[in-house]
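Chain residues, written in single-letter form:
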Amino acid sequence: EMGGTTADGGAETDGSRVGELTTLGEQMAAKQFEEALATLRALPDDLRAERFLRNSEVQVLGAIPARRSEYFDTLERLAVDYVGDPSMAIVLANGALSRGDFPEMRAQVDRLGEMVGSDAYHDVMAAASYAGEKDFKKALSLAGRAVASEPELREAWLFIVRTGLDAREFGAVASALVRLRDE
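Residues numbered from 1 in each chain as written. Predicted model: local features only at pLDDT ≥ 70, side-chain atom pairs only at ≥ 80, totals over all residues. Heavy atoms only, no water.

**Student:** Looking at this model, I keep getting lost on the overall build of the chain. Mind explaining?
**Tutor:** Scanning the chain from terminus to terminus reveals 11 helices and zero strands. Its helices and strands taken in sequence order, the chain reads α-α-α-α-α-α-α-α-α-α-α from the N to the C terminus. Principal axes of the C-alpha set define a box for the chain whose edges measure 65 × 35 × 35 Å. Long-range pairs, those at least 24 residues apart, make up 44% of the contacts in the chain between residues at least 6 apart in sequence. (Helix = DSSP H or I, 4+ residues; strand = E, 2+ residues; numbered from the N terminus. Contact = heavy atoms within 4.5 Å.)

**Student:** In this structure, what is going on with helix α5 (residues 68-81)? I would like to understand it.
**Tutor:** Helical periodicity: at 3.6 residues per turn, an α-helix aligns residues three or four positions apart in one direction. With 14 residues, α5 should reach 20 Å at 1.5 Å per residue; the first-to-last C-alpha distance of 20 Å fits that figure. Looking at α5, one finds that the buried residues are Y71, F72, T74, L75 and L78. Buried residues of α5 fall within an arc of 160 degrees about the axis and therefore sit on the same side. The exposed residues of α5 that point more than 90 degrees off its buried face are S69, E76 and V80. The elements touched by buried residues of α5 are α4 (51-62) and α6 (86-99). (Expected span 1.5 Å × (residues − 1). Buried < 20%, exposed > 50% of the residue type's maximum accessible area, 1.4 Å probe, protein only. Arc of directions from axis to C-beta.)

**Student:** Please explain the environment of L21 as it appears in this structure.
**Tutor:** Here L21 lies in helix α1 (residues 15-29). Linking L21 and L40, residues 19 residues apart in sequence, is a C-alpha distance of 8.2 Å.

**Student:** How should I be thinking about the nonpolar core in this particular structure?
**Tutor:** Across soluble globular proteins, nonpolar side chains show a tendency to be buried alongside one another. Counting residues in each nonpolar core, the largest one holds 28 residues, and the members touching the most others are F159 and I160. Contributing elements (two or more residues each) for this core: α6, α7 (102-116), α8 (120-132), α9 (136-149), α10 (154-167) and α11 (170-182). Considering every element that reaches this core, the biggest residue donor is α8, with eight residues. The next biggest cluster of nonpolar side chains, apart from the first, holds 21 residues, and it includes L24, A36, L47 and L75. (Core = buried A, V, L, I, M, F, W, Y, C linked by side-chain atoms within 4.5 Å.)

**Student:** Mind showing me how you'd approach the side chain of Q27 here?
**Tutor:** Looking at where Q27 falls in the secondary structure, it is placed in helix α1. Sequence-distant contacts of Q27, defined by excluding residues within four places in its chain, comprise Q32, E35, A36 and T39.

**Student:** Help me out: how do you make sense of the packing of α5 against α6 in this one?
**Tutor:** In a packed pair of helices, the relevant descriptors are the angle between the two axes and the axis-to-axis distance. Close contact between α5 and α6 brings their axes to 10 Å; oriented N to C, the two are set at 145 degrees. Considering only the axes of α5 and α6, their crossing is left-handed. Where α5 approaches α6, its residues R68, Y71, F72, L75, L78 and A79 are matched on the opposing element by M88, V91, L92, N94, G95, S98 and R99. (Axes fitted to C-alpha atoms, helices over the stretch in contact; angles between N-to-C directions. Left-handed = near helix turned anticlockwise from the far one by under 90°.)

**Student:** Would you mind showing me how to read the side chain of R54 here?
**Tutor:** On the secondary structure map, R54 appears in helix α4. Ignoring any residue separated from it by four or fewer positions in sequence, one finds R54 in contact with R48, A49, R77, L78, D81 and Y82.

In structure tokens:
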């Protein structure tokens, strides 16, 4: 993606692009999101068009509250350009969560399940949509199903703690805290 081939058919890497991508990664890791966005947008158009960089742009924009409308616009373009891509279904589910569009979030999680099969983490994602709608019983039920099928899924236990507190289901919170402590 970053270069061509040499005369003898070997791979050639454009070193300047590697440096720019390293800088971008460092800025994102340091949570310097405005700087990361500037670095990303200074990349050549052909490189910026790569899926992983378009996804990086979504991540960066999503972390900058003042750029929320750009974030949602970028998500919409990705939804069109990568309609059959499972990794984009996750990005779109997170975007729907950010918008508070919980039915759309569940639709994206279901779509992801159709593409790659469902797993316990998908249950946690769907549970988050129900928690957003304050349907704590359904949310905790799905999170419970997630930990029953994958007891080591830390995200599910943390979800149970957060949602159990919101739902005032302190027994569930205590059980999840004991499990997390024991791990």
